[in-house]
Amino acid sequence: MTTAIAPDMSAVPLRYSAPISGVAGTSFKPEHLQAILGAKRQRGFFEVHAENYMGAGGPPHRALEAIRRDHPLSLHGVCMSIGGPQPLDKAHLARFRGLVARYQPALVSEHLAWSTHETSFFNDLLPLPYTAATLRNVCDHIDQVQDAIRRPLLLENPSTYVAFRESSMSETDFIRAVAERTGCGLLLDINNVFVSATNHGFSALDYLADFPLARVGEIHLAGHAEQADDEGDLLLIDSHDGPVADAVWKLYEIVVQRRGGVPTLIEWDSKIPDWPVLQAEAAAAQAILDRCRPAGLTGDRHAA
């Protein structure tokens, strides 16, 4: 049985705890630890998947503590199953709450998806129909998470490969309603928007025009893979295993021009490149953030 993490703030001398803005960050991968620690302090932040740090200690926590001493942190959950019909797993929620207390991340997020059914756990983020019933369920789950962690949660829009006939509202209307009912913030994954728009044949620009950008507290950018479906049509997969596509960069710049300097995370979760490659992707996002920065703002005081 996994032991829940007890909050232990003495383990990490925290230098950053306030919200961040206007900076780009990257996923933290342990293979990059020495390169990060050996480099001069840099702007930006790091994001980790919460489930990788739900043990009580050991090398994962020692690495994360080393990163957290000098950099803001974003904690990104992938297994809460907020969109599922079952009650939230209380043990998992307790571990998640313990991580938030332990590391005091600047950003905390989860997915609009589900990944459990009865006693089965799926290694995927599965879509849900957008109905009044699922809206109530998602809002109840987000309320439980926010009550547990005592702070707003950022909810990420999904990448999808199927649509449901029973959906009675659009994805943007559903997400807007969730945010309004629960007070949660939003994590806008622009690659997810592009992937879903391509797969379902709608306009990514129209989707973004209807998205509640004012509630966005973080942006994700990532690479995707191209495949073909059973009929030979283009099918995009949200693979996180390569650089950000040019079309996604263009959408990102449009969003930043409209929304401003939202913290932006480069996700790269498989086929992990050398650290300079990931740094270069973050630098490209930072250049767009800086180019769109309003006059008179020179930087974020929480940047590393």
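Whatever comes next refers back to the structure up there.
Residues numbered from 1 in each chain as written. Predicted model: local features only at pLDDT ≥ 70, side-chain atom pairs only at ≥ 80, totals over all residues. Heavy atoms only, no water.

Student: Just to check I follow, could you spell out the pairing of strand β12 (residues 264-267) for this structure?
Tutor: Regular strands show a simple pattern: their side chains alternate between the two faces of the sheet. Here β12 shows two buried faces, one formed by Thr264 and Ile266 and the other by Leu265 and Glu267. Strand direction decides the pairing type here: strand β1 (residues 24-27) and β12, joined by 3 bridges, are parallel. Within β12, the position partnered with Gly25 by the bridge is Leu265. Direction of pairing for strand β9 (residues 216-222) relative to β12: parallel, over a ladder of 4 bridges. Bridged to His220 within β12 is Leu265. (Buried < 20%, exposed > 50% of the residue type's maximum accessible area, 1.4 Å probe, protein only. Helix = DSSP H or I, 4+ residues; strand = E, 2+ residues; numbered from the N terminus. Pairing = 2+ DSSP bridges.)

Student: In this structure, what is going on with a negative patch on the surface? I would like to understand it.
Tutor: A contiguous patch of negative charge, built from Asp229, Asp230, Glu231 and Asp233, is present on the exposed surface. Assignment of secondary structure puts Asp233 in the loop between β10 (225-228) and β11 (234-237). (Patch = residues over 30% accessible without salt bridge, like charges linked within 9 Å, V, L, I, M, F, W, Y side chains within 5 Å. Areas by Shrake-Rupley, 256 points an atom, 1.4 Å probe, with all protein chains shown as cover. Salt bridge = Lys/Arg side-chain N within 4 Å of Asp/Glu carboxyl O. Lys, Arg positive; Asp, Glu negative; His and termini not counted. Charge placed at Lys NZ, Arg CZ, Asp CG, Glu CD.)

Student: Quick question: what am I supposed to make of the environment of Phe174 here?
Tutor: Summarising the element assignment, Phe174 is placed in helix α5 (residues 171-182). Taking C-alpha positions, Phe174 is 8.1 Å from Thr131, a pair spaced 43 residues apart along the chain. If near-sequence neighbours (up to four positions away) are discounted, Phe174 is found in contact with Leu112, Leu128, Tyr130, Thr131, Thr134, Leu135, Val138 and Met169. (Contact = heavy atoms within 4.5 Å.)

Student: Can you help me understand the sheet that holds strand β2 (residues 46-49) in this one?
Tutor: Sheet strands pair by backbone hydrogen bonding; their relative direction is either parallel or antiparallel. On the basis of which strands lie adjacent, the closed barrel formed by 8 strands has the order β1-β2-β3-β4-β7-β8-β9-β12 and parallel pairing. Strand after strand, the sheet turns through a mean of 30 degrees between neighbouring axes, direction not considered. Sheet topology places strand β7 (residues 154-156) next to strand β8 (residues 185-189); 3 bridges connect them, and they run parallel. In the strand pairing of β8, Leu155 is matched with Leu186. (Axes fitted to C-alpha atoms, helices over the stretch in contact; angles between N-to-C directions.)

Student: I would appreciate a short explanation of the environment of Ile237 in the present structure.
Tutor: Along the chain, Ile237 falls in strand β11. The exposure class of Ile237 is partly exposed, given its relative accessible area of 23%. On a C-alpha basis, the gap between Ile237 and Val195 in space is 6.8 Å, while along the polypeptide they are 42 residues apart. When near neighbours in sequence (up to four residues on either side) are disregarded, Ile237 contacts Tyr161, His224, Ala225 and Gln227.

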